[in-house]
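# Examination of the molecular architecture
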Amino acid sequence: MTQAAHGLGGLKYDPAKRERPQELNVFIALVAIVVAFELLGRIFIGDSFLFNTRDNVDGIFNWQRLNIIILQVSIVGIIAIGVTQVIINGGIDLSSGSVVGATAMITMSFAQTALVNGSPNPKAIFGDWAMDLPVIVPILVGLGCGMIAGFINGALIATTRIPPFIATLGMMVTARGLSKWWSNGNPISFPTESYAAIGKGLMPVIIFVLLALLFHAIMTYTKYGKHCYAIGSNEQAARMSGINVNRHKVLVYTIASMLAALAAIVLSSKNLTAQAGMGVMYELDAIAMAVIGGVSLQGGRGSILGTVLGALIFGVIISGFTFLKLDAYYQEMVKGVIIVGAVVLDQWRQRGRSRG
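Residues numbered from 1 in each chain as written. Predicted model: local features only at pLDDT ≥ 70, side-chain atom pairs only at ≥ 80, totals over all residues. Heavy atoms only, no water.

## Let's talk about the overall build of the chain
The secondary structure content of the chain amounts to 13 helices and six strands. On C-alpha atoms alone, the chain measures out to a radius of gyration of 22 Å, which is about the 21 Å that the 2.2 N^0.38 rule sets for 356 residues. Once the C-alpha set of the chain is aligned to its principal axes, its extents read approximately 80 × 60 × 30 Å. Out of the 356 residues in the chain, the part that is buried amounts to 47%. Taking contacts inside the chain between residues at least 6 apart in sequence as the whole, the part at least 24 apart equals 74%. When the accessible surface of the chain is summed, it comes to about 17800 Å², and 66% of that surface belongs to carbon and sulfur atoms. Where the 25 positive side-chain charges of the chain centre and where its 17 negative ones centre are 11 Å apart. (Helix = DSSP H or I, 4+ residues; strand = E, 2+ residues; numbered from the N terminus. Rg over C-alpha atoms; globule rule 2.2 N^0.38 Å. Buried < 20%, exposed > 50% of the residue type's maximum accessible area, 1.4 Å probe, protein only. Contact = heavy atoms within 4.5 Å. Areas by Shrake-Rupley, 256 points an atom, 1.4 Å probe, with all protein chains shown as cover. Lys, Arg positive; Asp, Glu negative; His and termini not counted. Charge placed at Lys NZ, Arg CZ, Asp CG, Glu CD.)

And the structure:
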C-alpha cells in the first residue's frame, strides 16, 4: 500500500513525492566534486587530490590540503552565516564585504602596538592612548562598527520599506568610502600579540565552526529562527500572526553585519594588517555559498548546515583548480556558472512544489 489518507478533505500521502533533505543533495554534490578532482588529478598530473602519494609523509589523507580548504573559506564562511539568515528572512545584504573593509581599518587602529623593533610604530594612527590596549577593546570597537552598520541597514528597510538591495547597496558604497577615508588609504599594521593570536593558525576555522554550530541551533530551535522562516515564507501572514516583523528585520541585519565585523577582526588579525581594499567581493562569495547550500533567494528556505557545505564546495573548487595548476581566472568563471546553476535549480524546485 503506497498511499494513505490523512486529515480532512481526502488528502493523501504519497511516499513517491518525498524529497531528500536539501543538505543531503549539497553533500552529494560536494562528494562528486571531490571525486572529479581526484580523477582529473590521477589522469592529467599523476597525483592524488585527497590522498598522500609521498612515502615520506605519514597518513592516508592529505591533511595539509584539507586544512587549507577549510581555512581559505572560514572567514567568508563567517559572513555567509549572517547572510544566510538575511536571505531566509526574505532579504539580501550587499554591504558585508565593505563592512569588512571599514571594520578592519577602524579595529586595527585600536589594536596597534606602541613599539616595533624598539622604535615607535611607523603606522600609528592615534597617540599613545590608543596603543597596547587590551585585546577586548578593538574587538568591542569592531563589533560596535558592525552593529551600527547592520542597525542602519535594518532600520532603513523596516521603516522606509525601500528594497533591501538598495539599502545595503548604499551601505556598501558608504562603508567602502569610509575604509578609504579612515587613514587616507594607507594600510594600518603592527597589532599587539594578543590581537594577532585571534587569526593565528586554525583559529579562523575554529571560530567558523563554533559559530556555525551556534547559529544552526538558534535557527532550528529558537523563536528567532522560526520567525526568520515565517517572515521569509510569507511576511503578511507573519504580521497577522503577531510577529513584530520590523523589529525582527532590524535584528537580523544587525546580527549579519556584526558577523561581517567579526570576520574583519579575524582577517586583519590573520594578515597582521588592515587595508581599505579588504573584503572586496566577499559579499557575493557569501551569497553564493548560501545559494549553493540550498538557501532560496525567495526566502523561507535554507539552513546554516547547507551554507557550511556550500562553503566547503567553494573551498574544494579553489583548491582543486590550484591542484590542477589552472589559472585563477578559471575559478571565477566556474564560480559564476555554479552560482547561476544553483539559482536555476532552486527555481525548478519552487515550480515543482507549486505544481505538486
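## Some words on the environment of Leu-30
As for its placement among the helices and strands, Leu-30 is situated in helix α1 (residues 22–45). Exposure remark for Leu-30: the relative accessible area of 10% places this residue in the buried category. Linking Leu-30 and Ile-313, residues 283 residues apart in sequence, is a C-alpha distance of 5.6 Å. Contacts of Leu-30, omitting those with residues within four sequence positions, involve Leu-309, Leu-312, Ile-313 and Val-316.

## Notes on the side chain of Ser-189
Along the chain, Ser-189 turns up in strand β5 (residues 188–189). On the basis of relative accessibility, which here comes to 11%, the residue Ser-189 falls in the buried class. A polar atom in the side chain of Ser-189 sits 2.8 Å from the side chain of Thr-273. Leave out the neighbours within four places in its chain, and Ser-189 touches Met-108, Gln-112, Asn-121, Lys-123, Leu-272 and Thr-273. (Polar contact = N/O pair within 3.5 Å; in protein donor to acceptor, adjacent residues only side chain to side chain.)

## Here's the deal with the packing of aromatic side chains
Inspection of the entire model under this criterion finds nine aromatic pairs. Judged by centre distance (6.2 Å) and plane angle (80°), the ring pair of Phe-126 and Trp-182 falls under edge-to-face. With Phe-126 in the loop between β4 (119–120) and α4 (136–160) and Trp-182 in helix α5 (residues 164–182), the pair connects residues that are 56 residues apart, well separated along the chain. Judged by its relative accessible area of 23%, Trp-182 is partly exposed. Each member of the aromatic cluster is reached from another via a ring pair, and the members are Phe-110, Phe-126, Trp-129, Trp-181 and Trp-182. (Phe/Tyr/Trp six-rings, centres within 6.5 Å; stacked < 30°, edge-to-face > 60°.)

## So, the pattern of salt bridges
Under the criterion given, the structure shown has three salt bridges. The shortest N-O distance in the salt bridge between Arg-239 and Glu-235 comes to 2.9 Å. A residue pair is termed a helical-turn pair when its members lie 3 or 4 positions apart in one helix, as Arg-239 and Glu-235 do in helix α9 (residues 235–240) at four residues. Glu-235 sits in the partly exposed class, given a relative accessible area of 25%. A salt bridge links Lys-249 to Glu-235, with the nearest nitrogen and oxygen atoms 3.1 Å apart. Of this pair, Lys-249 sits in helix α10 (residues 245–271) while Glu-235 sits in helix α9; the two residues are 14 residues apart in sequence, bridging distant segments of the chain. Each of the salt bridges in this network shares a partner with another, and the network as a whole consists of Glu-235, Arg-239 and Lys-249. (Salt bridge = Lys/Arg side-chain N within 4 Å of Asp/Glu carboxyl O.)

## Examining the environment of Arg-349
With respect to the secondary-structure elements, Arg-349 resides in helix α13 (residues 328–355). Under the relative-accessibility criterion, Arg-349 is labelled partly exposed at 22%. Arg-349 sits 53 residues away from Ser-296 along the chain, and the two C-alpha atoms are 9.8 Å apart. Discounting residues that sit within four places of it in the chain, Arg-349 has contacts with Gln-22, Gly-294 and Arg-301.

## Some words on α5
The terminal C-alpha atoms of α5, which comprises 19 residues, lie 26 Å apart, in line with the 27 Å expected from a rise of 1.5 Å per residue. Among the residues of α5, Ala-167, Thr-168, Met-171, Ala-175, Arg-176 and Ser-179 are the ones counted as buried. End-on view of α5: buried residues confined to an arc of 160°, all on one side of the axis. Along α5, exposed side chains directed more than 90 degrees from the buried face belong to Val-173, Thr-174 and Trp-181. In the stretch just after α5, Asn-184 is the one whose phi turns positive, near 55°. (Expected span 1.5 Å × (residues − 1). Arc of directions from axis to C-beta.)

## Concerning the packing of helix α3 (residues 96–109) against α5
Where α3 meets α5, the closest approach of the two axes is 7 Å, and the angle between their N-to-C directions is 30°. As judged from the angle between their axes, α3 and α5 are roughly parallel. Relative to α5, α3 is oriented so that their crossing is left-handed. Residues Gly-97, Ser-98, Val-99, Gly-101, Ala-102, Met-105, Ile-106 and Ser-109 of α3 form the contact with α5, whose own contacting residues are Met-172, Ala-175, Arg-176, Leu-178, Ser-179 and Trp-182. Here the residues of the contact of α3 with α5 sort into eight nonpolar, five polar and one charged. (Axes fitted to C-alpha atoms, helices over the stretch in contact; angles between N-to-C directions. Parallel < 35°, antiparallel > 145°, perpendicular 65-115°, else oblique. Left-handed = near helix turned anticlockwise from the far one by under 90°. Nonpolar A, V, L, I, M, F, W, Y, C, P; charged D, E, K, R; others polar.)

## Regarding a nonpolar patch on the surface
There is a patch of nonpolar side chains on the surface, built from Leu-24, Phe-27, Ile-28, Val-31, Val-35, Leu-39, Leu-40, Ile-43, Phe-44 and Ile-45 and spanning about 890 Å² of accessible area. Relative to the assigned elements, Phe-44 resides in helix α1. The exposed category is assigned to Phe-44, whose relative accessible area is 63%. (Patch = residues over 30% accessible without salt bridge, like charges linked within 9 Å, V, L, I, M, F, W, Y side chains within 5 Å.)

## Regarding the side chain of Ser-48
Counting through the fold element by element, Ser-48 comes out in the loop between α1 and α2 (63–88). Its relative accessible area of 1% is what places Ser-48 among the buried residues. Side-chain polar atoms of Ser-48 contact the side chain of Glu-38, separated by 2.7 Å. Within the local environment of Ser-48, its side chain forms a polar contact with the backbone nitrogen of Leu-50, the two atoms lying 3.4 Å apart.

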